[in-house]
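Each chain is listed here by its residues.
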Amino acid sequence: MSATSISTTGDASGGAEGSGPVTVVTGVGVTAPNGLGVEDFWAATRAGKSGIGRITRFDPAGYPSRLAGEVPGFVAADHLPGRLLPQTDHMTRLALVAADWALQDAGIGPGDVPDFDMGVVTASSAGGFEFGENELRALWGQGSQYVSAYQSFAWFYAVNTGQISIRNGMRGPSGVLVSDQAGGLDALAQGRRLIRRGSTLIVSGGVDASICSWGWAAQLTTGRLSTGDDPATAYLPFDRSASGHVAGEGGALLILESEDGARRRGAQVYGELAGYAATFDPAPGSGRPPGLARAITTALDDAGVRPEDIDVVFADAAGVPELDRIEAEAITSVFGARQVPVTAPKVLTGRLNSGAAALDVVTALLSLRDGVIPPTTGVRLDPEFDIDLVTAGARPADLRTALVLARGHGGFNSAVVVRRS
Amino acid sequence: MPAKEFTLDDLKRILLAGAGADESVDLDADISDTDFETLGYESLALLETSSRIEREFGVSLDEGALFDANTPRALIAVVNNHLLALESA
């Protein structure tokens, strides 16, 4: 990969991803359809336990897609103060709790780090859709006097970043990335840039949720939602019967720090955010190749590793035959046929929009820690694909370096390399 | 006082419904002369509160007067003055 191609990978500052302090993950917080909290999620994921079922957040009977991954047992009032409830969408409540858990996991309390040395960078795909739906209903059903003043920000893409920042007194550089499912990786990369520029701590990742009738209508327009009614077979990426994906809610937030800073305060370290790249697909009909393989090779270069150093790949796993083929070919082109284990535990949660890739990075870090690759439960690999897909239960393995892939609707490709410290 | 008076209990009920309550604040204590800011309500919370008062009591509150009313006692007086003006109109 030439420096020229690296310079087109989406770093607004131009040039390569650059260098600076090694960026590590010191805490994680998870709200996932197959587990509320990282322990529940990881136990379920290792065991291949799914969180997909018929939608309960609204009545899906009149919709072509009726399954989703919903976060179980989440009662916002058990976790958040009363002042926050009238002003937050479901996704923001999940995000605030995930951020609280990530900070606890990292051993960071109020006052430990100066306000201006902490920032927040999250990914978003749709903002607070359910909140907005309720306020639109109030507007058209009762009149403008009935619309909440909090609608002014509760729907907004940046709202999770803003609310996490306010709740935790984080007044340093912050932002939001909107690139659909790729966003979770793009946000972590921006977090790494901020650590390299001198921030002490960045909360980063993504938590998303738009399982409401309006959000569902929007998601259906992609044409990629599975219409199956059996949770066991509705989302089968890389399978000959792949027919779209199941959507879900939730995601993960991670605490990023410099390795030196983390070691100095004696923090636990899950691993290093070692490499990143993002590419954009060419316009349809241009005849030029998809950008995913280039994202992979550029991320490997950025991490300073060779293909044979990657011990496991967490696939984007679109569940759409053409997109599965593009991903399988990209993996094979970089690593060779069946040379690296590939897995997609998101079959257990559904695709979580901007929360998906952040959760995959957490899963990858836990896999490195525990030496186990969680399975892509239920999938029978289409023999057309020359990849070593881990399907038949968790696979023990000595893992040091993992690659996480994510693609967003409309041409986004992102890749992240994480390494055990 | 207007026939349909706006009371401290009305205000507390509407504050709770529209903006919730800060855990460190006891709304049942004597809060009549405590700043809204001290009670944990920022400008957007007061905007939401005034909007709810307007639709429940059928008044249209003057924004300038609202802005100046920074305690429950002052806000209750503003609302009741509007209600009185409405009755005598």
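Residues numbered from 1 in each chain as written. Chains lettered and ligands numbered in written order. Predicted model: local features only at pLDDT ≥ 70, side-chain atom pairs only at ≥ 80, totals over all residues. Heavy atoms only, no water.

Chemist: Give a description of the overall build of chain A that names residues and reports values.
Modeler: Along the backbone of chain A there are 13 helices and 17 strands. Over its C-alpha atoms, taken along the principal directions, chain A stretches across nearly 60 × 50 × 40 Å. Looking at chain A as a whole, 59% of its 421 residues are labelled buried. Look at the contacts in chain A between residues 6 or more apart in sequence, and 79% of them connect residues 24 or more apart. Just so you have it, chain A exposes about 15,200 Å², and 52% of that area is on carbon and sulfur atoms. Distance from the positive charge centre (33 side chains) to the negative charge centre (45 side chains) of chain A: 1 Å. (Helix = DSSP H or I, 4+ residues; strand = E, 2+ residues; numbered from the N terminus. Buried < 20%, exposed > 50% of the residue type's maximum accessible area, 1.4 Å probe, protein only. Contact = heavy atoms within 4.5 Å. Areas by Shrake-Rupley, 256 points an atom, 1.4 Å probe, with all protein chains shown as cover. Lys, Arg positive; Asp, Glu negative; His and termini not counted. Charge placed at Lys NZ, Arg CZ, Asp CG, Glu CD.)

Chemist: Can you explain the overall build of chain B? Please cite residues and give values.
Modeler: Regarding its fold elements, chain B presents four helices and zero strands. Secondary structure elements of chain B occur, N-terminal to C-terminal, as α-α-α-α. Scaling as 2.2 N^0.38, a compact globule of 89 residues should have a C-alpha radius of gyration of about 12 Å, and chain B matches this with 12 Å. In terms of overall dimensions, chain B has C-alpha extents of about 40 × 20 × 20 Å along its principal axes. (Rg over C-alpha atoms; globule rule 2.2 N^0.38 Å.)

Chemist: Account for the packing of aromatic side chains, naming residues and giving values.
Modeler: The way to describe two aromatic rings as a pair is by their centre distance and the angle between their planes. Counted according to the given criterion, the structure contains 10 aromatic pairs over all chains. Taken together, a centroid distance of 5.2 Å and an interplanar angle of 70° make the contact between A:W155 and A:F156 edge-to-face. Judged by its relative accessible area of 38%, A:F156 is partly exposed. Cation over ring: B:K4 sits above B:F57, and NZ or CZ is 4.7 Å from the ring centre. (Phe/Tyr/Trp six-rings, centres within 6.5 Å; stacked < 30°, edge-to-face > 60°. Lys NZ or Arg CZ within 6 Å of the ring centre and 35° of its normal.)

Chemist: Account for helix 9 (residues 213-220) of chain A, with residues named and values stated.
Modeler: All buried positions along helix 9 of chain A are accounted for by A:S213, A:G215, A:W216 and A:Q219. Across the axial projection of helix 9 of chain A, the buried residues extend over an arc of 155°, all falling on one side. (Arc of directions from axis to C-beta.)

Chemist: An account of the interface of chain A and chain B is needed here, citing residue identities and associated values.
Modeler: Contact with chain A, which involves 12 residues of that partner, is made by 16 residues of chain B. The tally of links between chain A and chain B comes to one salt bridge. With a closest N to O distance of 2.4 Å, A:R83 and B:E42 form a salt bridge. (Salt bridge = Lys/Arg side-chain N within 4 Å of Asp/Glu carboxyl O.)

Chemist: Explain the nonpolar core to me, and be specific about the residues and the numbers.
Modeler: All names here are of chain A. V30, L254, V361, V362 and V418 are the most contacted members of the largest nonpolar core, which totals 45 residues. Among the elements that take part in this core, helix 13 (residues 356-370) stands out by supplying 10 residues, more than any other. Those residues in contact with V418, other than ones at most four positions away along the chain, are E272, L273, A274, V361, A364, L365, L368, R400, T401 and A402. Among the nonpolar cores identified, the runner-up in size contains 38 residues, and L67, A330, V347 and V417 belong to it. (Core = buried A, V, L, I, M, F, W, Y, C linked by side-chain atoms within 4.5 Å.)

Chemist: So what about the sheet that holds strand 3 (residues 52-54) of chain A? Which residues, and what values?
Modeler: Residue and element names in this part refer to chain A. Taken in spatial order, the three strands line up as 3-4-8 in an open sheet, and their pairing is mixed. Strand pairing shows two members of the sheet lacking a second neighbour, strand 3 and strand 8 (247-248), which therefore form its edges. In terms of strand pairing, strand 4 (residues 67-69) meets strand 8 through two bridges, oriented parallel. Paired with A68 across the bridge in strand 8 is A247. (Pairing = 2+ DSSP bridges.)

Chemist: Can you explain the UniProt feature "domain: Ketosynthase family 3 (KS3)" (unreviewed entry) in chain A? Please cite residues and give values.
Modeler: In this structure's numbering, the residues bearing the UniProt feature "domain: Ketosynthase family 3 (KS3)" (unreviewed entry) are residues 20-420 of chain A. Segment residues 20-420 of chain A splits into 32% helix and 21% strand. End C-alpha atoms: 18 Å apart. (UniProt positions renumbered as here; feature names shortened; annotations may be inferred.)

Chemist: Explain the environment of A:R265 to me, and be specific about the residues and the numbers.
Modeler: Residues and elements named next belong to chain A. As for its position among the elements, R265 is in the loop between helix 10 (259-264) and strand 10 (271-280). By relative accessible area, which is 34% here, R265 ends up partly exposed. For R265 and E329, which are 64 residues apart along the polypeptide, the C-alpha to C-alpha distance reads 44 Å. In contact with R265, not counting residues within four places along its chain, are T26, A106, G107, I108 and E257.

Chemist: For the packing of helix 2 (residues 38-47) of chain A against helix 13 of chain A, give the residues involved together with the corresponding values.
Modeler: All names here are of chain A. Where helix 2 contacts helix 13, the two axes come as close as 11 Å, and the packing angle between them is 75°. Accordingly, the angle class assigned to the pair helix 2 and helix 13 is roughly perpendicular. Only L359, V362, T363, L366, S367, R369 and D370 of helix 13 make contact with helix 2, whose side of the interface consists of V38, F41, W42, T45 and R46. For the contact of helix 2 with helix 13, a count of residues per class yields six nonpolar, three polar and three charged. (Axes fitted to C-alpha atoms, helices over the stretch in contact; angles between N-to-C directions. Parallel < 35°, antiparallel > 145°, perpendicular 65-115°, else oblique. Nonpolar A, V, L, I, M, F, W, Y, C, P; charged D, E, K, R; others polar.)

Chemist: Account for the side chain of B:N80, naming residues and giving values.
Modeler: Topologically, B:N80 is positioned in helix 4 (residues 72-88). With near-sequence residues (within four places) excluded, B:N80 lies in contact with B:M1, B:P2, B:E5 and B:F6.

Chemist: Explain helix 4 (residues 90-106) of chain A to me, using residue names and the numbers behind them.
Modeler: Residues and elements named next belong to chain A. Taking 1.5 Å of rise per residue, the 17 residues of helix 4 would be expected to cover 24 Å, and the 24 Å separating its terminal C-alpha atoms lies within 8% of that figure. In terms of burial, helix 4 is a largely internal element, 13 of the 17 residues being buried. Structurally, the start of helix 4 carries an N-cap: the backbone nitrogen of M91 is 2.9 Å from a side-chain oxygen of D89. Where helix 4 ends, the next residue or the one after it, G107, has phi of about 75°, a positive value. (Expected span 1.5 Å × (residues − 1). Polar contact = N/O pair within 3.5 Å; in protein donor to acceptor, adjacent residues only side chain to side chain.)

Chemist: Residue-level account of the environment of A:G53, with values.
Modeler: Residues and elements named next belong to chain A. Inspection of the secondary structure puts G53 in strand 3. Along the backbone, G53 and S148 are 95 residues apart, and their C-alpha atoms lie at a distance of 32 Å. When neighbours within four sequence positions are excluded, G53 is seen to be in contact with R66, L67, A68 and P231.

Chemist: Help me get a handle on the pairing of strand 7 (residues 201-208) of chain A, residues and values and all.
Modeler: All names here are of chain A. Counted residue by residue, strand 7 has eight buried out of eight residues, so it is predominantly covered. In strand 7, alternate side chains face the same way, and those of L201, V203, G205 and V207 on one face and I202, S204, G206 and D208 on the other are all buried. Judged from the eight bridges that link them, strand 7 and strand 9 (residues 250-258) form a sheet pairing that is antiparallel. If you follow I202 over to strand 9, its bridge partner there is L256.

Chemist: How would you summarise the pairing of strand 5 (residues 118-123) of chain A if you had to cite specific residues and measurements?
Modeler: Along a regular strand, successive side chains alternate from one face of the sheet to the other. Residues and elements named next belong to chain A. A large share of strand 5 lies buried, amounting to six of its six residues. Neither face of strand 5 is exposed, since M118, V120 and T122 on one face and G119, V121 and A123 on the opposite face are all buried. Pairing analysis gives six bridges linking strand 5 to strand 7, with the strands arranged parallel. The partner of G119 across the bridge, within strand 7, is I202. Taken together, the three bridges between strand 5 and strand 6 (residues 175-177) define a ladder with parallel strand orientation. Note that in strand 6 the partner of A123 across the bridge is L177.

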